[in-house]
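For reference, the chains in residue letters:
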There are 2 protein chains.
Amino acid sequence: MLHVKTPEEVLALIKQEFSAVAETERVSLAAAMGRVLAQDVAATEYVPDFDRSTVDGYAVRARDTFGCTDAIPAILPLQGEVLMGEGAEFELRPEECVAVPTGGAVPKGADSVVMIEYTEDYGDGTIGVSKSVAPGQNMIFRGDDVFPGKVILEKGRVLSSQDIGALAAIGCVQVPVVKKLTVGVISTGDELVPPEVTPGPGQVRDVNSPMLEAMLTAFGVNVINYGIVIDDEALLSEKVTKAVSQCDAVLLSGGSSVGVKDAACRIIESMGSLLLHGIAIKHGKPTILGRTGPKPLFCLPGHPVAAYFITKLFVLPTLSRLMGRQQESYTVTAKITESVSANHGRAQYHCCRLERRDGALYAYPIRGKSGLITTLAGADGYFCIHRDQEGLAQNAEIQVTVTAGD
Amino acid sequence: MLHVKTPEEVLALIKQEFSAVAETERVSLAAAMGRVLAQDVAATEYVPDFDRSTVDGYAVRARDTFGCTDAIPAILPLQGEVLMGEGAEFELRPEECVAVPTGGAVPKGADSVVMIEYTEDYGDGTIGVSKSVAPGQNMIFRGDDVFPGKVILEKGRVLSSQDIGALAAIGCVQVPVVKKLTVGVISTGDELVPPEVTPGPGQVRDVNSPMLEAMLTAFGVNVINYGIVIDDEALLSEKVTKAVSQCDAVLLSGGSSVGVKDAACRIIESMGSLLLHGIAIKHGKPTILGRTGPKPLFCLPGHPVAAYFITKLFVLPTLSRLMGRQQESYTVTAKITESVSANHGRAQYHCCRLERRDGALYAYPIRGKSGLITTLAGADGYFCIHRDQEGLAQNAEIQVTVTAGD
């Protein structure tokens, strides 16, 4: 018999039971945004591949400018000009200078660039320099940015737009990313009708399928929505078997009744093994997790709020394991606007709205009985009352995980 | 002559000059995730549309259970059973009870539900209740969640998965969202080659186009990438004119040289009006903003780091104005691991890595000369040293805007 586990125990179990299975594929830069990097990416070239000026001015040997002032400028013959996008094919002669644009190549022999603001073109083929420069000043040396072998992005990272820029810079235009997982979503419940249908007496719309589909898609997996199955063990078993054969993970949601939970346990046991039955968390206690081979099977609570939190807190971390995905989630500090009581002994999660007033951030807990969709709609984030806390007093500082947009 | 503006002045200018122009379209629930809601959404029905049990048990009149205990249970004849997904077509008779499953309809006449755990089925058609319930206990009343006319989501909101769930619950399956904007991206610079090309002498790869494309796409707009244009005013003017005719906003990036900036100013003035030339920010001072009709035209700095920050801090807020998009960005508190000096007089932005150690969050500033791509790669967020600050001391608490994944 499996006992109810704490959230920490569940996360440890997930870590122990599941590991990276996803394959690697190569996608274009434009398609790589938000994908999970499948291997470390190292540079194969120098960036920049030439010494480069960071200002408009004159490339010089720094020593030729030492001691110059407004009153006594260093006068250097102009040896030539470097054009943008072209190499500097010649070498700077001592006590001369070469005009270079911002981003232009600094010729051999030069070790610094004088900004044009501190020079005067005398019109006779010489340039007056009124401010000395130090070696290395106003230029980037070859390989300053990256050099061959330097790892610039690590495996497991979710690629951001900045990372895409870095990949472009080193010419990595076919990016090795983790192949997208496919996750199956099944809703069960005799009372459910699809969202587009007006519910009859005793019926409600299926909220979990579209919510989970949106959440999973935004997380970066493909979703197969198997729709609604009535509470019939044979039909359910058939649907789960089909989903397992087509997907890398399966989420069964609903089954608020004990009968369905029992059926889900039997189905999981017939296909693999049951790992978990019950999490000490409000809302979301009646959660079941099993596996068949490397594939996780979740049976989520039917209540949308509970299904939301279980997916956020445990399903997505499980998918992260399968993908080798490394991404921290961060919290923001806010003051809670009213006190919230808690049941000692289990972690309690609440949705909230966030509002900034007079420079401070306030969290408004969204009230409502379990399963009410309006406790989800319009939420900006959520917070947790830990199992050893009695509750939260008004104005207490809390840590909010921001969910706006995901 | 336009003077250099502070970031706050630029944001005020953007607010003043640009307003919502995007049209409304209706998309399916599955396509609505991450989109901007174009109008307030109100419920047109009651959810739930019937009184609903939140537990497995027996629907009763609460008063019929008052005073009952384990020793002296209330004995109530079982009048019948409500099945899941069906209406309760009968009315509960006084001093009787009706079996209801979790989520099932509570019959008229009943005002509460006794959990099955506190009952005993005597097998003779009567049920013993050993714990009293209060009116309203263990049930949700019709319209508790939402009722007709109740606004559940407000215009301008970026739809999250929770919101998708709420829309499903009220049957809003054709969601009114803001039509996606189209943004044109043009890179300019004689030294630029596309990322897939190995740079020749004096050349570097175009980093800004792919980076901006990724950033804008993740932000929820369509991007037309016009590629690289050489520094030639006539060609540039032609390309900008084409982009303006096809897009809602145009970003020209590059033009590190003064000549290109001047050309960009002339092009903008010939098509509309110049609003801004220079922002007091490191990096990103040489930024130009203009408009032609309702369309913004930005000329961004060529340095990737500068182009990144200007886009994040000013271009996306401009696009938000055009879309009527309302989304706060939040910061996390972290300790800075080393001191960072700053130039008094202008806001200074730095990328950083975040690391959690012993429960505390640390921000590692990413060092590097302006324009080096490795100051972007692998960043988890950024922080700002404000213009009136001298710099930051080691271990100072700073506010970091998390950018991982966007």
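Residues numbered from 1 in each chain as written. Chains lettered and ligands numbered in written order. Predicted model: local features only at pLDDT ≥ 70, side-chain atom pairs only at ≥ 80, totals over all residues.

Describing the overall build of chain A
- Each helix and strand counted, chain A has seven helices and 28 strands in total.
- What you see for chain A is a C-alpha radius of gyration of 31 Å, clearly larger than the 22 Å of a compact globule of 406 residues, by over 25%.
- Expressed as a percentage of its 406 residues, the buried residues of chain A come to 52%.
- Look at the contacts in chain A between residues 6 or more apart in sequence, and 71% of them connect residues 24 or more apart. (Helix = DSSP H or I, 4+ residues; strand = E, 2+ residues; numbered from the N terminus. Rg over C-alpha atoms; globule rule 2.2 N^0.38 Å. Buried ≥ 20, exposed ≤ 12 C-beta atoms within 10 Å, placed from the backbone. Contact = placed C-beta atoms within 7 Å.)

Here we look at the relation of the copies chain A and chain B
- For the match of chain A to chain B, the screw axis carries a shift of 0.1 Å, the RMSD comes to 0.1 Å, and the turn is 180°. Such values leave the two copies arranged in the relation of a two-fold axis. Minimal C-alpha distance to the rotation axis in chain A is attained by Val 332 of chain A, lying at 2.6 Å.
- An overlap of 100% is found between the interface residues of chain A and their copies at the interface of chain B, pointing to a shared contact surface. (Least-squares fit on C-alpha atoms with pLDDT ≥ 70 in both.)

Focus on the interface of chain A and chain B
- Counting residues at the interface gives 87 residues for chain A and 87 residues for chain B.
- For the side of chain A that touches chain B, the elements supplying multiple residues, two or more each, are helix H2 (29-32), strand E11 (151-153), helix H3 (161-169), strand E15 (204-205), helix H4 (208-219), helix H7 (304-323), strand E22 (331-336) and strand E24 (347-357) of chain A.
- In terms of residues, the side of chain A that touches chain B owes the most to one element, H3 of chain A, which gives eight residues.
- Split into classes, the residues belonging to the side of chain A that touches chain B amount to 42 nonpolar, 28 polar and 17 charged. (Nonpolar A, V, L, I, M, F, W, Y, C, P; charged D, E, K, R; others polar.)

A closer look at the nonpolar core
- One finds Val 183 and Val 250 of chain A together with Val 183 and Val 250 of chain B to be the most contacted residues of the largest nonpolar core, which totals 199 residues.
- Among residues more than four places away in sequence, those in contact with Val 183 of chain A are Leu 216, Val 221, Val 223, Cys 247, Asp 248, Ala 249, Leu 251 and Leu 319 of chain A. (Core = buried A, V, L, I, M, F, W, Y, C linked by C-beta atoms within 7 Å.)

A closer look at the domain arrangement of chain A
- Split into domains, chain A comes out as domain 1 (7-22 + 180-323), domain 2 (26-47 + 151-178), domain 3 (52-140) and domain 4 (331-402).
- Distance from the C-alpha centre of domain 2 of chain A to the C-alpha centre of domain 3 of chain A: 36 Å. (Domains from an automatic or database assignment.)

Observations concerning the sheet that holds strand E8 (residues 119-121) of chain B
Residues and elements named next belong to chain B.
- In spatial order, the strands read E7-E4-E6-E5-E9-E8; together these six strands make up an open sheet with mixed pairing. Whereas interior strands pair on both sides, the edge strands pair on one side only; in this sheet they are strand E7 (112-115) and E8. Sheet twist, expressed as the average angle between the axes of neighbouring strands with direction ignored, equals 40°. (Pairing = 2+ DSSP bridges. Axes fitted to C-alpha atoms, helices over the stretch in contact; angles between N-to-C directions.)

A few points about the sheet that holds strand E7 (residues 112-115) of chain A
Residue and element names in this part refer to chain A.
- Strand order in this open sheet of six strands is E7-E4-E6-E5-E9-E8, and the pairing throughout is mixed. A strand with exactly one partner marks an edge of an open sheet, and here the two such strands are E7 and strand E8 (119-121). Here the strands of the sheet are splayed against their neighbours by 40° on average, with no regard to which way each runs.
- When strand E5 (residues 74-81) meets strand E6 (residues 97-100), the two strands line up parallel, connected through three bridges. Directly across from Leu 78, in E6, lies its bridge partner Cys 97.

Observations regarding helix H3 (residues 161-169) of chain B
Residues and elements named next belong to chain B.
- For H3, the buried fraction is high: nine of the nine residues fall into the buried class.
- Buried within H3 are the following residues: Ser 161, Gln 162, Asp 163, Ile 164, Gly 165, Ala 166, Leu 167, Ala 168 and Ala 169.
- A positive phi of about 80° marks Gly 171, the residue just after H3.

Description of the packing of helix H4 (residues 208-219) of chain B against helix H7 (residues 304-323) of chain B
Residue and element names in this part refer to chain B.
- Between H4 and H7, whose axes approach to 11 Å, the crossing angle comes to 30°. Judged by the inter-axis angle, H4 sits roughly parallel to H7. Of the two elements, H4 crosses H7, and the hand of that crossing is right-handed. Of the residues in H7, those in contact with Asn 208, Met 211, Leu 212, Met 215 and Phe 219 of H4 are Pro 304, Ala 307, Tyr 308, Thr 311, Leu 316 and Leu 319.
- Looking at the contact of H4 with H7, its residues break down into nine nonpolar, two polar and no charged. (Parallel < 35°, antiparallel > 145°, perpendicular 65-115°, else oblique. Left-handed = near helix turned anticlockwise from the far one by under 90°.)

Observations concerning the pairing of strand E4 (residues 57-60) of chain B
Residue and element names in this part refer to chain B.
- In terms of strand pairing, E4 meets strand E6 (residues 97-100) through three bridges, oriented antiparallel. Residue pairing for E6: Tyr 58 is matched across the bridge by Ala 99.
- Bridge count between E4 and E7: four bridges; the pairing is antiparallel. When the bridges of E7 are listed, Tyr 58 appears paired with Val 114.

Some points on the packing of H3 of chain A against H4 of chain B
- Contact geometry for H3 of chain A and H4 of chain B: axes closest at 8 Å, N-to-C directions at 155°. Accordingly, the angle class assigned to the pair H3 of chain A and H4 of chain B is roughly antiparallel. Two packed elements cross with a definite hand, and for H3 of chain A against H4 of chain B that hand is right-handed. In this structure, H3 of chain A contributes Ser 161, Gln 162, Ile 164, Gly 165 and Ala 168 of chain A to the contact, and H4 of chain B contributes Pro 210, Met 211, Ala 214, Met 215 and Ala 218 of chain B.
- Looking at side-chain class alone, the contact of H3 of chain A with H4 of chain B contains seven nonpolar, three polar and no charged residues.

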